Structures are given as C-alpha cells and as structure tokens.
Amino acid sequence: MTAIKHALQRDIFTPNDERLLGIVNVCKAGKKKKNCFLCATVTTERPVQVKVVKVKKSDKGDFYKRQQTWELRDLTEVDAKDASKENPEFDLHFEKVYRWLASSTAEKNSFISCIWKLNQRYLRKKVEFVNVSSQLLEELPKAEESVPSGESQSVAGGDEDALDEYQELSTREEQDIEGMMEMCEYAISNAEAFAEKLFKELQVLDGANIQSIMASEKQVNILMQLLDEALGEEMLQSVKEQMDQISQSNRLIQISNTNNGKLLDEIQFLVNYMDLSKGHIRALQEGDLTSPKGIEACINASEALLQCMNVALRPGHDKLMAVKQQQLLFAELRDTFARRLTNHLNNVFVHQVTILLQHGHDQSSTLSQHTAELTLPKHSPLHRDLLRYAKLMEWLKNTHREKYEGLSRTYVDYMSRLYEREIKDFFEVAKIKMAGTSKEAKGKFATLPRKESALKQETESLHGSSGKLTGSTSSLNKLTVQGSNSRRSQSSSLLDMGNMSASDLDVADRTKFDKIFEQVLSELEPLCLAEQDFISKFFKLQQHQTVIPPLMEESDGGTPSRIPPQAEHRHSLSSEKDMVRLMMNKIFQSIETELNSLIALGDKIDSFHSLYMLVKMSHHVWTAENVDPASYLSTTLGNVLVTVKRNFDKCISGQIRQMEEVKISKKSKVGILSFVTVFEEFAELAETIFRNAERRGDLDKAYVKLIRAVFMNVEKVASESQKTPRDVVMMENFHHIFSTLSRLKISCLDAERREAKHKYTDHLQSYVINSLGQPLEKLNHFFEGVEARVAQGVREEEVSYQLAFNKQELRKVIKEYPGKEVKKGLDNLYKKVDKHLCEEESLLQVVWHSMQDEFIRQYKHFEDLIGRCYPGSGITMEFTIQDMLEYFSSIAQSH
C-alpha cells in the first residue's frame, strides 16, 4: 500500500499541488467488483481545500488516473454501518449516497479517522458520523495501534505532524472564547482587531504577574518561554485558522458576485435586444399606412421587430419561458402586420390601375382625334406613390416570402393589363402614321375595335392587304424591264424590293418613316427602363445572386422554429436578376409582338425601310447594353434586332433574285440596266442612313454581295442582247457603276470600282475598234492581208511583188476612199453609234473622241505599212490627218 500511495502522490497529486493524507482500497458495494482507491487530499496553497478523490487504474496501461472528485465541505454524513462488529462496508453522503466496500475493516476505520481529523482541523463542519465507534473518534492513538504498523503508516502517514499536533478545545475553553467573542462584536469580521485586543488584555494581566515573579530569574525565564510558545502556537494558530476561514469566505463572496454580474449581463442582454416598445407594437397592430408619418412609424416598428426576431440568442436562452413568450409575441406581430400590409398594398394596386385603365378607355374612344401624338403615358406618379412602401416591401421579403411573392404577382397582373392596353393603342397610332393619311388608311385604322381579339384580327387583315395602302403595289409583283429610249421609262417600270413604285419611294416618305420608328423606340426605352428601375427598388431586387435568410415559424408546440433547409435552398435557386427579367417579360409581354408587327408593316410598305430599322434598332440595342446588358429592354430589342437583320438580308437577297430574273426587250436598245439604277439608289440611301452607324459591317457585306451580282448579271444581259452590241451594254453599265462608286467613295468596294473602270475601258476600246472597221472596210482588209504575209515570213519590201498586194491593187483600194467618201462613212458611223448609245449616260462624245483617236492611229499605221512595204512608190492616202480631224469635228457639230 505504501508503494501505491507514493506512486499516486508522484503521478497524480504532486502535479496538482496536493498532498495525499489518507487512502483506502474499495469497490462499489453490491456490484461487480472493480477496485479503485478513495484518497483524502489537501492543497498545498492557501486557502487549503480538502477533497476526496476517486482514483482508478487505467484499462490501457499500468498507470492510474483521476476519475471523480468531491469537496469535503459537501460531505454531510459518514455511515460506518456497524460500530460494534467488523464490517468493511461504509457510505459517504455527498450530493447522493455512495456505497463502498473496503478491502479490510482496518483500512476503512483508518480512512474514516482521517476524514474526521481533516474535518475538525480545516472545516469545523458538522458532519454526521453514524455507526462509528466514539473510541475511534476520541482515542485516535489507540485506533492507530490496532492497525498493523505497515498499514498504519500507509493509511495515516504522509503528514502525521499536521494531524497529530492538533488539540481539541475543552468545553470550558469553548465557553470562554464564545463569551469573549460576544463581548467583542467585531471578533469575526475583524480577526486582527480581535487578536490585538486579546493581546493588549494579555499584556495587562502579564504585567501584574511579572511584578510578582520578577524576584526569581528562573521563573522569569520560564515565563518568557511560555509566552513565546503561547504567542507562537495558540494565538498565531488561531489567527491562521481564522484567516483561512476569512479567505474561504472571500472566495465564495467573489464567486457569488461574479455569478450575479453574469446573471445581470444576461438579463440586460435580453431586455435590450428582445424588448419591443409599446409604440412599435401599436404601429404594427393599427398604424396608418396611408399618411407619410404613419408609414414612417410602421417602417421603424417593422425594422425594430425584425431586429428583435433576428437577435442571436446565447446558449440556453431558448429554454427560458420569458424568451419563448417574447418569440411568440414577435411571431404574432409579424403575421398581423404582414397581413395588414399585404391587404393595403393589394388595394392600392387595384385602385390605382383601375383608375388608369378607365382613363385609358376614355382616351381610346377618341383615338382618331389624337393620331398626331405618338406618345406613351408616364407612370412616375404611381411609382412615386408606391416607393414610399419600399422599405416595408423589403421587410415583407425578409419575413414573409409567400406574401411578398403574392404581392409581386398581383402587381404584375394588374400592370400587364394596363401596359397591354396602352401599348396596343400606341402602336395603332404608329401604324396609322406609317401607312399615311389617306382616307382609306384612316378608315381602316380609326375604326379598329379596342378588344384584343378584334384588334388582332383587324391588324392581321390590314397586314394581309397592305398592298391597298400603296396604290399601285398590287400590280407590281414581278420585276419586268421594257426597253425604251430614256432612263425614266425604264425606271418607272421597275419595283424596288418593297413592292412600291419608284415614284412613291421618295426621300420624304422614307424620312417620315424613319422619324416614326425612332419615336416608337424613344418612347419605349424610357418606359421600360423606368418600370425596371421601379421594380428593382420597390421589390428590392438587385442584379446579383442572393440567399434569403431563414424565417421564424411557429411549430406545433407554439414555439418559434426555423424553416427547413430545403425551403431555404429553394429561395436561393433563382437569382433576383432572373426574377426582374421574369416580371418585366410578363408586364411587357406584348412589346416584342407589337414591334415585330410594326416592322413587318414597314417592310411591306418599302423593303428599304429595313435599312432605317437596322440602324435605329442597332443604336438602341447598343445604348441599352451600355446601360444594363442584362436588362429586359436590351434582351427584347436584341430579339427584335434579329428580325430586322433578317428582313435586311431578305431585302438584299430579293434584289439579287430580281437581278437574275431581269428580261430585256429584243426590239429596243438596252441602255442602263434597271438593277444598276436600283443599286445606285440603294447605295446612295444606305450611305446616308449608315453614316456613323454601329452596324456598318452588315452593310459592307451586303455591298459585296450586291456588286458581284450586278457584275455577273450585266455580263449575262450583255450576252443575251440582240439589239444593242454587247460591248455597248458592258461599256455603258460599267461606266455607270464606276461613276457611282467613285462618287460615293465606298471604301469596301475599291477593288470593284477599279474592276468596273477596267471593264468599261476594255469594252469601250473593243467597241471603237469593231466600229471603225466599217468606214474603211476594204482598206482594212487589204492591210490585214499585208500583215498576214509579213507574219508568214514574207519580207516587207517583197510584199509589193505579191499579186494580190502589188502597188496597183493598193492604188485601186485607196482610190475607193476619197475624203468625201470617208466623211460620208464617218457620218453613217456617228449615226449608228448614236443609235446604240443611251442618252442617260452621255457617252456619245466620249466614244466619238475615242473613235477619232483610233482612226488617226489606224491612219498612221496604214502610212507606216505603205512606207515599209512599198518604199519609193509615192503612194499616199486620198485625205490627210487634218482633213480627218475636220471630218470628225464637223460631224459632231452637225448632230
């Protein structure tokens, strides 16, 4: 046992600044025996704390561990079971009764004696010792003698000096001390003063005694020794014990104060954060939701309520009855106010929108009288009135998601009805203006019924018969070109791609259409942006992902509980950005349909309108994307832009198709082809419309497609032409194309401009050469034969010896072309060229001047051949170059 005690002291108690004074080997009575040790210990630091520690051997190794500890001051009773017989069982009464079975009766008695000593010395607490022999408690030395020497040392040893030196006060001494303490009221509260008083009284008594014993030095020495012992042992020991008790009391008082402070903090926390003022409660229950002051009071009250509901409770708060009652009150106030707010806002939506619908109905009955005003009503007063409730909507969003979503659905439902009526009326006016102001158009539009189904049917009927609005379009469904002597007669027989006659498609009409379309987009843009801005502010929907915090709901037991995680996850699935877009799509569900309908009508009137619409729509899409790329307006206009771009592509494809379908007359000259004129018109219009436009790239691609089609079809028509020479068709049309491209300076068509000039020049030269072969036909044939002989290897000076090309034959041919005949031949040539060429292009003088140059070149060439092949013959032409220049000049002037 001594070894175990030393091991326990070293391994368990010394590290904790404790001394082991008593030990007993025990197991729990009545159960499977699992041995452990009960140890009686005291701390080495002041104030001394006395403990009973249960120590058990670890299951994993050969070492001991501390299992349970009790304070000795918590011990109320020690029951030894039997005082007369040896019985190893005993009970210790702490917070409950612990029953033990000691390994021997001697160990049990020794441990109980140790407990009794520690209680008497350190605690002076009235612990009941039941069934314990009085001899064991009073005659401690005898009890120790009955224990074997080895065990006695192991049980009671370790601090024998601390226990054996204790002497109990006698009954007389206790009575005297109590009497003295009653005479001195501060004996307990001020131990030092009490000790000082005792010391002074002792000095008075000692002074009298000293006088009587001063005679004997031996007695004085004995007296001084006794005084030293008394001061060192009795008084100081008493003061020490009292100081320990005072220290223990101070520690308990400090613990009590600390606990009281913590309790006060908890109470103040709950009062500060879970208390709602009566004014706030009254505002939530019956506050005025119509006046500004009442709305402000309700906002403050709702924010205070939300703050109280969202306070982070500390552990254990939710078990307090007062906290549960407050939470139930908050839940009831939340539900009551949410119900009041929802009903009020529902009534506001219905009332305001009903008034606006009635006002719109009154105005729509006189639609034909107001067609000059292409404007949409502004709803800023309604938005301004509702924005007063924005903070309350945010509160409703955070506390009652279901009611919040219900309000949003109600708002969307009523506003969609209002906007549908206004937008349909607005587009009716736009279509009236777009179709013109003729009586027929007015009759169609002014009598349109206001019901949605009838309006849709009439609009479809209008679109199906749009040819009636354009006068001559119903009879101009196929592009046909009839030959004539003027460009005007050809152009008047053509349609552009919009099924309109050329005389109707003037700049004023297209400018008017452009202004109408721009006005439509300019009215829609602020309307959509204002409504989206209002929805974001009123319903507190930002353009980023959010997660709605979990709400408090009442469980079946009446206490608030958290919403399940599944519901919280459901709220976070869709972003607020998607919710804004969804609301805008429902409110303005008719805008995209109406825009597409308007675009279809404009395209039917004139397909060149697609150029205006592409530029305007692209600009508005670009503007909307700069403001908010994900906005409803940006998305909707982007979708409509796809339709406009498709119409533009159809316009280009239609022009190409009509170029391929062109047929020319076999009896009249061709002149400038109709699709060349249409391309010129298209390019002039496009350059005006697309100046500084964002979609210039689309136009450049269209230009390339169109010009290649023009080139290809000009060549095709020239090859098919029977009345007009191919070179003339190519020369005139490519000259016109070159002039158009040079004037418009279209950078993407620079290569085509150079190609057109090259083709024009080549065919001009070809036409001149072929035409000049006729006035001096025999002379041309003669010199062609001469060149052929030279090419075959005949020497030039030997050509004159050829029978068919001798000097006599040359003189004979030259005599057939005197100046008078040449002039006559040139005059006939001029008339023929004039007949081939068209007046619009004014190429006659250019061609005549080129023929003059070519004639002079041929003349010089003939003279050169005569000089080389007939040297010294003296043969010359019947006319000179000067004569020839006069011929050309006089012929040109005469015509």
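Residues numbered from 1 in each chain as written. Predicted model: local features only at pLDDT ≥ 70, side-chain atom pairs only at ≥ 80, totals over all residues. Heavy atoms only, no water.

Looking at an unreviewed UniProt entry, one finds the protein chain named Exocyst complex component 1, with Amphiprion ocellaris as its source organism. Its UniProt record, at the heading Function (unreviewed entry), says of the protein chain: "Component of the exocyst complex involved in the docking of exocytic vesicles with fusion sites on the plasma membrane." Among the UniProt annotations of the protein chain, the heading Subunit (unreviewed entry) holds the following wording: "The exocyst complex is composed of EXOC1, EXOC2, EXOC3, EXOC4, EXOC5, EXOC6, EXOC7 and EXOC8. Interacts with EEF1A1. Interacts with SLC6A9; interaction increases the transporter capacity of SLC6A9 probably by promoting its insertion into the cell membrane." (UniProt positions renumbered as here; feature names shortened; annotations may be inferred.)

Chemist: How should I be thinking about the pattern of salt bridges in this particular structure?
Modeler: A side chain with one charge may pair with a side chain of the opposite charge, provided their charged atoms come close. If you walk through the whole model with that rule in mind, you get 37 salt bridges. Two residues, Asp-244 and Arg-46, come together in a salt bridge whose shortest N-O distance is 3.4 Å. With Asp-244 in helix α9 (residues 217-273) and Arg-46 in the loop between β2 (36-43) and β3 (50-57), this pair connects stretches of sequence that are 198 residues apart. Ionic pairing is found between Glu-523 and Lys-378, a salt bridge with its closest N-O pair at 3.5 Å. Of this pair, Glu-523 sits in helix α19 (residues 507-538) while Lys-378 is found in the loop between α12 (321-364) and α13 (380-386), placing the two residues 145 residues apart along the sequence. One continuous salt-bridge network, built from bridges that share partners, spans Glu-18, Lys-51 and Arg-66. (Salt bridge = Lys/Arg side-chain N within 4 Å of Asp/Glu carboxyl O. Helix = DSSP H or I, 4+ residues; strand = E, 2+ residues; numbered from the N terminus.)

Chemist: How should I be thinking about the nonpolar core in this particular structure?
Modeler: Formed by 178 residues in total, the largest nonpolar core has its most connected members in Phe-588, Phe-682, Val-847 and Met-851. Leave out the neighbours within four places in its chain, and Phe-682 touches Phe-608, Leu-611, Phe-648, Ile-652, Gln-655, Leu-699, Tyr-703 and Leu-706. Counting residues in hydrophobic clusters, the runner-up holds 33 residues, among them Val-78, Ile-115, Val-132 and Leu-136. (Core = buried A, V, L, I, M, F, W, Y, C linked by side-chain atoms within 4.5 Å. Buried < 20%, exposed > 50% of the residue type's maximum accessible area, 1.4 Å probe, protein only. Contact = heavy atoms within 4.5 Å.)

Chemist: I'm lost on the packing of aromatic side chains in this one. Help?
Modeler: Within the structure shown, the criterion is met by 30 aromatic pairs. Between Phe-711 and Phe-734, the aromatic rings sit 5.1 Å apart at their centres with planes inclined by 70 degrees, giving edge-to-face as the arrangement. One end of the pair, Phe-711, is in helix α26 (residues 696-720); the other, Phe-734, is in helix α27 (residues 726-744), with 23 residues separating them in the sequence. The exposure class of Phe-711 is buried, given its relative accessible area of 2%. A ring pair is formed by Phe-782 and Phe-783, whose centres lie 5.6 Å apart and whose planes are at 90 degrees; its orientation type is edge-to-face. A single burial state applies to Phe-782 and to Phe-783, both of which are buried. Here a set of aromatic residues connected by ring pairs shows up, and it is made of Phe-349, Tyr-404, Tyr-411, Phe-534, Phe-538 and Phe-539. (Phe/Tyr/Trp six-rings, centres within 6.5 Å; stacked < 30°, edge-to-face > 60°.)

Chemist: I'm lost on the sheet that holds strand β5 (residues 77-79) in this one. Help?
Modeler: Sheets are built from strands that pair by backbone hydrogen bonding, the pairs being arranged parallel or antiparallel. What the 8 strands build is an open sheet, ordered β4-β3-β2-β1-β7-β6-β5-β8; its pairing is mixed. Only two strands of the sheet have a single neighbouring strand rather than two, namely β4 (64-71) and β8 (128-130). Adjacent strand axes in the sheet meet at a mean angle of 30 degrees when their direction is disregarded. In this structure, β5 lies alongside strand β6 (residues 89-93), joined through 3 bridges in antiparallel fashion. The residue of β6 that forms the bridge with Val-78 is Leu-92. Where helix α1 (residues 2-13) meets the sheet, its contacts fall on β1 (18-28), β2, β3 and β4, and the angle it forms with β1 comes to roughly 115 degrees. (Pairing = 2+ DSSP bridges. Axes fitted to C-alpha atoms, helices over the stretch in contact; angles between N-to-C directions.)

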